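Below are the chains, spelled out letter by letter.
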Amino acid sequence: MSLRVRRFVCEEESCAKTFAEQVPGLTRRFGRRTERLRSTLVSVGLALAGRAGARMTDAFKVPVSRNTLLRLIASLPDPVATTPRVVGVDEYAQRKGRVYGTVLVDVETRRPVDLLPDREADTLAAWLAERPGIEIVCRDRAPFFAEGATRGAPQALQVADRWHLWHHLGEAAEKCVYRHSGCLRPTPEQPEESQEEPEPTASSPWPTGHRFAERTRTKHATIHALLAADHSKRSVARQLGMTLNTILRFSRATTPKEMFTGQWQNRATSLDAYKPYLDQRWQEGCTNAWKLWEEIKEQGYPRGYASVRNYVSRTLRSKPQPVGPRPPSARAVTCWLLTHPDALPEGDRLQLKAALANCPELKALAEHVRSFAHMLTRLQGERLPEWIEAASATTELPSLRYFAQHLIRDLDAVTAGLTHQWNSGVVEGHVNRIKMLKRQMFGRAGFELLRKRVLLV
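All residue numbers refer to position in the chain's written sequence, counted from 1. The predicted nature of this model means local features are confined to residues of pLDDT at least 70 and side-chain atom pairs, given and counted, to a pLDDT of 80 or more, with totals for whole chains, interfaces and linings taken over all residues. The side-chain numbers reported here are obtained from all heavy atoms of the structure, hydrogens and water having been left aside.

### Side note on helix α17 (residues 398-407)
Okay, so step 1: Here the term buried applies to any residue with accessible area under 20% of the maximum for its type, exposed to any over 50%, and partly exposed to those in between, with areas from a 1.4 Å probe on protein chains only. Note on conventions: DSSP H or I runs of at least 4 residues are helices, E runs of at least 2 residues are strands, and numbering of each starts at the N terminus. When we look at burial in α17, the residues that qualify are Leu 400, Phe 403, Ala 404 and Leu 407. Angular distribution of buried residues about the axis of α17 spans 95°; they occupy a single face of the element. Each direction from the helix axis to a C-beta atom contributes to the arc, which is the arc of those directions.

The structure is reproduced here in structure tokens:
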């Protein structure tokens, strides 16, 4: 097969350049590859990025470098822009915790529309203002997305994502369950009071078996035995290798307990007022010193964590634990509350029933959660004000009350999210896809290159 093309010459005498005629779809100016091979390399680059794509081209026997594949991707034109009717908005991390961008998806076609380099309200508002045909904006409850959508598309209906609403309700419910975790353990039976008098050493700062206590008791008995045998105090000091003042102190003490003074004597501390509460929580099953410290910190304890840790390790851990099954964790109870009753296993259902029977606050929490779930699954957004009013009246569940009051700030979007079928699920899928593309390109995943792959793949 032969191809004949024309060559053109510049008419200017000072210009010696010639120009070859290009065949669309077959040749390209300064091209070193055919268009067919170029399109193949572009497809490989879009699918696999640099290093993995370069290894694939080796298998095709047309090896190119990873940088060549990335340059081919960067040279591609942007796809034809269309104005979606329903757009989903969410953030993605360029550098997690530091730099974030915005991804916009056509919810009806499930295809990405554009990527923005940041998540500022001004950037989103400018993008939406250029596309007046947008009718619905699906978003989470982030304030910058709410402000950007309000300013850029005032004609559009804003819909809060139902998954985020349910997730935030779950976080509030877990805090409420943790606050009433003492109700999860059955009340232990009180043992019968013993008529026997406690041992005199029970209140001693040095319990029986302590090495310092036993050594002091031994010295006290030895010194008093020698003094009873008519040895002088100086003689006893020489025999035992002690100073005379030490022998005098032991001789004046009628019992070894009188020697337990100084740094070994129990002293009043700022923790004493909270020890009954710590003992009660320990018997209820809370054995985490950090959690105990956080609880008494909320009650006004002024000191640090170290004193609570020492009290737990030296005193509480020697106390017997109540006999019985281990109580369920706050997270497990929250999971049971958020699961449909018909989907709960029989064992979990019985444990949840027992936990709710022991705590009226948790029973009220379960009713609010199930009411919200019914409203969310049946798309009954008109009942939201009634639910917010009922949840805000629960003084024993502050986390649930705060969640309900926080919904008022974005009431229209939340009501729309609980009424219409639109949601941001497809946007979350594209956020996960962006994470995969970033990992493929490692440090070369700059915004422009990443945007090309997201829009063109």
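### Considerations on the nonpolar core
Okay, so step 1: Among the nonpolar cores identified, the biggest contains 36 residues, and Leu 365, Phe 372, Trp 387 and Leu 407 are the most heavily contacted of them.
Okay, so step 2: With seven residues, helix α15 (residues 360-377) is the largest single contributor of residues to this core. Note on terminology: a nonpolar core comprises buried Ala, Val, Leu, Ile, Met, Phe, Trp, Tyr and Cys residues joined through side-chain atoms within 4.5 Å.

### Details of the packing of helix α8 (residues 233-240) against helix α9 (residues 244-252)
Okay, so step 1: Between α8 and α9, the least distance of the axes is 9 Å, while the angle of their chain directions is 115°. As the angle between them shows, α8 and α9 are arranged roughly perpendicular. For the crossing formed where α8 meets α9, the hand is right-handed. In this structure, α8 uses Lys 233, Arg 234, Val 236 and Ala 237 to contact α9, whose residues at the interface are Leu 244, Ile 247, Leu 248 and Ser 251. Angular values range over 0 to 180 degrees, each being the angle between N-to-C directions of two axes fitted as lines to C-alpha atoms, with helices fitted over their stretch in contact. Under this scheme an angle from 65 to 115 degrees is roughly perpendicular, one under 35 degrees roughly parallel, and one over 145 degrees roughly antiparallel; angles in between are oblique. Should the near helix be turned anticlockwise from the far one by less than a right angle, the crossing is termed left-handed; should it be turned clockwise, right-handed. A contact between two residues is defined here by any heavy atoms of the two lying within 4.5 Å.

### Concerning the packing of aromatic side chains
Okay, so step 1: Here the aromatic set is Phe, Tyr and Trp, taking the six-membered ring for Trp, and pairing holds for ring centres within 6.5 Å; pairs whose planes are under 30 degrees apart are stacked, those over 60 apart are edge-to-face, and all others are tilted. Taken as a whole, this structure holds eight aromatic pairs when the rule is applied.
Okay, so step 2: Between Phe 144 and Phe 145 the ring centres are 4.8 Å apart and the planes differ by 75°, which places this aromatic pair in the edge-to-face class.
Okay, so step 3: Within the aromatic cluster, the residues linked to one another by ring pairs are Trp 290, Trp 293 and Tyr 305.

### Brief notes about the pattern of salt bridges
Okay, so step 1: A pairing counts as a salt bridge when a side-chain nitrogen of Lys or Arg comes within 4 Å of a carboxyl oxygen of Asp or Glu. All chains considered together, the criterion is met by 16 salt bridges.
Okay, so step 2: Note that Arg 85 and Glu 108 form a salt bridge whose closest N and O atoms lie 2.8 Å from each other. On the criterion of sequence distance, the pair formed by Arg 85 in the loop between α3 (66-74) and β3 (86-95) and Glu 108 in the loop between β4 (99-106) and β5 (111-116) is long-range, its members being 23 residues apart.
Okay, so step 3: When its relative accessible area of 32% is taken as the criterion, Arg 85 is described as partly exposed.
Okay, so step 4: With relative accessibility at 40%, the residue Glu 108 sits in the partly exposed group.
Okay, so step 5: With a shortest N-O distance of 3.1 Å, Glu 135 and Arg 85 are connected by a salt bridge. With Glu 135 in the loop between α4 (121-129) and β6 (136-139) and Arg 85 in the loop between α3 and β3, this pair connects stretches of sequence that are 50 residues apart.
Okay, so step 6: The structure contains a network of salt bridges with shared partners spanning Asp 78, Asp 114, Arg 451 and Lys 452.

### Some thoughts on the confidence of the model for the protein
Okay, so step 1: Each residue carries a pLDDT score, the predictor's confidence in it, ranging from 0 to 100. Looking at the protein, the pLDDT average stands at 85 and 91% of residues meet or exceed 70.
Okay, so step 2: The model gives residues 194-203 a pLDDT under 50, and that stretch makes five contacts with residues more than four places away or in other chains.

### Quick word on unusual backbone geometry
Okay, so step 1: Its identity as a non-glycine residue notwithstanding, Ala 49 has a phi of 70°, on the positive side.
Okay, so step 2: Here the phi dihedral of Leu 379 falls at roughly 55°; this positive angle occurs in a residue that is not glycine.
Okay, so step 3: You can see Leu 379 is positioned in the loop between α15 and α16 (384-392).

### What about the environment of Lys 363?
Okay, so step 1: Structurally, the position occupied by Lys 363 is in helix α15.
Okay, so step 2: Classification of Lys 363 by relative accessible area gives partly exposed; the value is 46%.

### Things to note about the sheet that holds strand β7 (residues 157-160)
Okay, so step 1: Strand order in the open sheet formed by five strands is β5-β4-β3-β6-β7, with mixed pairing between adjacent strands. Lying at the two open borders of the sheet, with one neighbouring strand each, are β5 and β7. Each strand of the sheet is rotated relative to its neighbour by a mean of 30°, with strand direction disregarded.
Okay, so step 2: Two strands qualify as a pair provided DSSP detects at least 2 bridges between them. Of the strand pairs in this sheet, β6 and β7 are connected by four bridges, and their pairing is parallel. Looking at the pairing, Val 137 lines up with Gln 158 of β7.
Okay, so step 3: Sheet strands touched by helix α19 (residues 425-441): β3, β4 and β5. Its angle to β3, the strand with the most contacts, is close to 30°.

### What about the side chain of Asp 161?
Okay, so step 1: Structurally, the position occupied by Asp 161 is in the loop between β7 and α6 (162-179).
Okay, so step 2: The side chain of Asp 161 sits in the buried core without any salt bridge; Arg 162 is the nearest counter-charge, 6.5 Å away.
Okay, so step 3: Under the rule applied, a polar contact is a pair of N or O atoms within 3.5 Å (in protein, one hydrogen donor and one hydrogen acceptor; residues adjacent in sequence only if both atoms are side-chain atoms). At 2.8 Å, the side chain of Asp 161 and the side chain of His 164 are in polar contact.
Okay, so step 4: What Asp 161 contacts, discounting residues up to four positions off in sequence, is Arg 139, Asn 423, Ser 424 and Gly 425. Charged residues are defined here as Lys and Arg on the positive side and Asp and Glu on the negative side; His and the ends of the chain fall outside this count.

### Looking at the packing of α6 against α17
The relative placement of two packed helices is expressed as an angle between their axes plus a distance between the axes.
Okay, so step 1: Orientation of α6 relative to α17, taken along the N-to-C sense of each, is 155°, at an axis distance of 7 Å. Viewed along their axes, α6 and α17 adopt a mutual orientation that is roughly antiparallel. Note on element contacts: α17 touches α6 through Pro 398, Ser 399, Leu 400, Phe 403 and Leu 407, opposite Leu 165, His 168, Leu 169, Ala 172, Lys 175, Cys 176 and Arg 179.
Okay, so step 2: Polarity classes work like this: nonpolar for Ala, Val, Leu, Ile, Met, Phe, Trp, Tyr, Cys and Pro, charged for Asp, Glu, Lys and Arg, and polar for all others, with Gly in that last group. Within the contact of α6 with α17, the residues separate by chemical class into eight nonpolar, two polar and two charged.

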